[in-house]
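Below are the chains, spelled out letter by letter.
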Amino acid sequence: MTMALPEWFYPGPDGGWTADMLDRLPPDAPRHVELIDGSLIMMSPQTAFHMFVLRRFEQELIPPDDLAVVREMTVTLGIRQRPEPDIMVVDKAALMTMKTTSFKAENVHLAVEVVSPESMDRDRTTKPIKYSDAGIKHFWRIEQESDQPVAYTFELEPAVKAYVPTGIHRGRLRTNIGFDVDVDLDLSRFIG
């Protein structure tokens with residue numbers, strides 16, 4: 001039995017989805033949708049690991065006053081590119097109104113992706129290339145290892161617009177990305 005897709009799912013006669021179209025999705029559309037290479041990507045249900053990692057980073061990333069930590073919002077990288085990192089550190093000035101839905105790449109200092117099985121290829125390959133091509137200076141990828149997070153950290157090498165590894169962090173993430181970062185990666189207290 002074939003299931004009919006809702007009308008909003010079809011991009012229309014102009015040949016594909018564009019970044020601005022995401023803001024016009026109807027209320028019955030999935031809550032988290034990102035645009036990669038003109039294709040809509042629906043997010044799978046969140047796991048407990050994903051939720052606890054996001055909570056930890058949201059609480060423990062403490063940027064200077066001119067920056068803000070935002071969660072599950074998009075960054076517009078081009079007309080057909082609007083991915084949704086799990087966490088970003090952005091310029092506070094880019095939060096122009098409470099209706100802000102996306103940020104420009106030049107306003108993003110850090111993009112963080114928490115890898116899930118369905119997003120592994122996008123989070124390890126596709127998104128880092130798009131973020132580095134757009135000039136986002138720092139990228140972190142968080143993976144699950146024995147129910148604990150492992151943080152892979154990267155910094156943009158501007159001459160080649162590619163990320164270079166700056167560390168692999170277990171237990172605690174200590175680094176500097178223009179401000180000092182100290183995040184406790186131990187999720188033991190959340191696990192029954």
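Everything below is about the structure printed above this text.
Parameters at a glance
Residues numbered from 1 in each chain as written. Predicted model: local features only at pLDDT ≥ 70, side-chain atom pairs only at ≥ 80, totals over all residues. Heavy atoms only, no water. Helix = DSSP H or I, 4+ residues; strand = E, 2+ residues; numbered from the N terminus. Buried < 20%, exposed > 50% of the residue type's maximum accessible area, 1.4 Å probe, protein only. Pairing = 2+ DSSP bridges. Axes fitted to C-alpha atoms, helices over the stretch in contact; angles between N-to-C directions. Contact = heavy atoms within 4.5 Å. Expected span 1.5 Å × (residues − 1). Salt bridge = Lys/Arg side-chain N within 4 Å of Asp/Glu carboxyl O.

This part is about unusual backbone geometry. Look at Glu72: it is not a glycine, yet its phi comes out positive at around 50 degrees. Locating Glu72 in the fold gives a position in the loop between β3 (67-71) and β4 (74-76). With relative accessibility at 16%, the residue Glu72 sits in the buried group. In this structure, Lys161 is a non-glycine residue whose phi angle is positive, near 50 degrees. With respect to the helices and strands, Lys161 occurs in the loop between β9 (148-157) and β10 (162-170). Classification of Lys161 by relative accessible area gives partly exposed; the value is 42%.

The subject of this paragraph is the sheet that holds strand β7 (residues 108-114). Read from one edge of the open sheet, six strands run β3-β5-β7-β8-β9-β10, paired in mixed fashion. At either end of the open sheet lies a strand with only one pairing partner, and these are β3 and β10. The mean inter-strand angle of the sheet, taken between neighbouring strand axes irrespective of direction, is 20 degrees. Pairing analysis gives eight bridges linking strand β8 (residues 138-145) to β9, with the strands arranged antiparallel. Bridged to Trp140 within β9 is Thr153. Contacts between helix α2 (residues 120-133) and the sheet are confined to β7, β8, β9 and β10, with β8 contributing the most and set at about 170 degrees to the helix.

Let's shift gears to helix α1 (residues 48-60). The end-to-end C-alpha separation of α1 is 18 Å, in line with the 18 Å expected for 13 residues at 1.5 Å each. Burial in α1 covers these residues: Phe49, His50, Phe52, Val53, Leu54, Arg56 and Phe57.

Another point: the pattern of salt bridges. Side-chain pairs of opposite charge can arise whenever the charged atoms involved come near each other. Within this structure, the stated rule accounts for 17 salt bridges. Between Asp20 and Arg24 there is a salt bridge whose closest N-O contact spans 3.5 Å. The class for Arg24 is exposed, based on a relative accessible area of 58%. Two residues, Glu143 and Arg124, come together in a salt bridge whose shortest N-O distance is 2.8 Å.

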